[in-house]
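Tertiary structure, described
The residues making up each chain are set out below.
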Amino acid sequence: YKNAENYKKAIYYFKNAIKINKQYFGAYINLGNILKDIGEYEKAINCYEKVIKIDPQNISAFNNLGVLYREIREYKKAIYYFNQVIDINPNLVISYLNLGYAFLGLEDPMNAKLYFTKAIQLDPNNVDAHYSFMEFLEKSNNVRGLNKAIINAKKLIKNNPCLLYTSDAADE
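Here goes a summary of the coordinates provided. (Residues numbered from 1 in each chain as written. Predicted model: local features only at pLDDT ≥ 70, side-chain atom pairs only at ≥ 80, totals over all residues. Heavy atoms only, no water.)

1. Description of the overall build of the protein chain
So the rule is basically this: The numbering of helices and of strands both runs from the N terminus, where a helix is a DSSP run of H or I of at least 4 residues and a strand a run of E of at least 2. Each residue gets one of three labels from its accessible area relative to the maximum for its type: buried under 20%, exposed over 50%, partly exposed in between, using a 1.4 Å probe on protein chains only. Contact definition: two residues touch when any of their heavy atoms are within 4.5 Å. Each accessible area value is a Shrake-Rupley result obtained with a 1.4 Å probe; residue values ignore everything except the protein chains displayed when judging cover.
Looking only at helices and strands, the protein chain has nine helices and zero strands in total. Along the protein chain, from the amino end to the carboxyl end, the secondary structure elements read α-α-α-α-α-α-α-α-α. In the protein chain, which comprises 172 residues, the proportion classed as buried is 43%. Contacts in the protein chain between residues far apart in sequence, at least 24 positions, make up 41% of those at least 6 positions apart. Within the structure as shown, the protein chain displays about 10,400 Å² of accessible surface, and the carbon and sulfur contribution to it stands at 52%.

Printed below as a string of structure tokens:
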């Protein structure tokens, strides 16, 4: 649904799915994602909030709200929603990465470092976690730390070359 005509069709179909089953949170999530992509942020927020009313433990809805608020630079709200995800599942690496980026947005490098480091601790083989931490070190002008992180990442890739093909970091 990446062009205007397909967006319209997708919105139409997801709205119809919701008319048929008002509890179908998958349709709300997908509709919210489309609305976010086209800049209809309030409508997207409403979709995600409806999911939470249907399923108060829905990680996707909380995460998507956090991502949306981070994208529109409402970092404190983003942090709130990413913390909700961690309350539901404290082992989800992406939540710690998202928190790190939100704290970077608040210009709070100490907390950003804390969450990027936590992501690596949770999953030492997670390429995205290492990439995010290196990105943080680069933005912090921490050359020594960055050099050490690059060495660690090279070791990780050398020991697990297939990790290069499973990462989303290059797409960000």
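Next comes the rest of the write-up.
2. Things to note about the packing of helix α3 (residues 41–54) against helix α4 (residues 59–71)
Spelled out, the test is: Here the axes come from fitting lines to C-alpha atoms, over the contacting stretch only for helices, and the angles between their N-to-C directions go from 0 to 180 degrees. In this scheme, roughly parallel covers angles under 35 degrees and roughly antiparallel covers those over 145, while 65 to 115 is roughly perpendicular and the rest are oblique. Should the near helix be turned counterclockwise from the far one by less than a right angle, the crossing is left-handed, whereas a clockwise turn marks it as right-handed.
Packing of α3 against α4 brings their axes to within 9 Å, and their N-to-C directions diverge by 160°. Looking at the two axes, α3 sits roughly antiparallel to α4. Every pair of crossing elements has a handedness; the one defined by α3 and α4 is left-handed. Here Tyr41, Ala44, Ile45, Tyr48, Glu49, Val51 and Ile52 of α3 lie close against α4, whose contacting residues are Ala61, Phe62, Asn64, Leu65, Leu68 and Tyr69.

3. Examining the nonpolar core
Where we set the bar: Nonpolar cores are built from buried Ala, Val, Leu, Ile, Met, Phe, Trp, Tyr and Cys residues. Side-chain atoms within 4.5 Å join them into one set.
Leu31, Tyr48, Leu65, Tyr69, Leu99 and Phe116 are the most contacted members of the largest nonpolar core, which has 47 residues in total. Where this core is concerned, the elements lending two or more residues are α1 (4–20), α2 (25–37), α3, α4, α5 (75–88), α6 (93–105), α7 (109–122) and α8 (127–139). Residues within four places of Leu31 in sequence aside, it is in contact with Ile11, Phe14, Lys15, Ile18 and Cys47.

4. Observations regarding the side chain of Asn58
Selection rule: Two N or O atoms form a polar contact when they lie within 3.5 Å of each other; inside protein one atom must be a possible hydrogen donor and the other a possible acceptor, and for residues adjacent in sequence the pair counts only when both atoms belong to side chains.
With respect to the element layout, Asn58 can be found in the loop between α3 and α4. Taking the relative accessible area as the measure of exposure, Asn58 reaches 6% and is therefore buried. For Asn58, the side chain forms a polar contact with the main-chain nitrogen of Ser60, separated by 3.1 Å. Looking at Asn58, its side chain comes within polar contact range of the main-chain nitrogen of Ala61, at 2.9 Å. Excluding residues within four positions of it along the chain, Asn58 makes contact with Phe25, Ile29, Val51 and Ile88.

5. Side note on the packing of aromatic side chains
What counts is decided by this rule: Working definition: rings of Phe, Tyr and Trp (its six-membered ring) pair if their centres are within 6.5 Å, and the pair is stacked with planes under 30 degrees apart, edge-to-face with planes over 60 apart, and tilted otherwise.
Considering all chains together, one arrives at seven aromatic pairs under this definition. Through a chain of ring-to-ring contacts, three or more aromatic side chains come together here, namely Phe62, Tyr69, Tyr80 and Tyr81.

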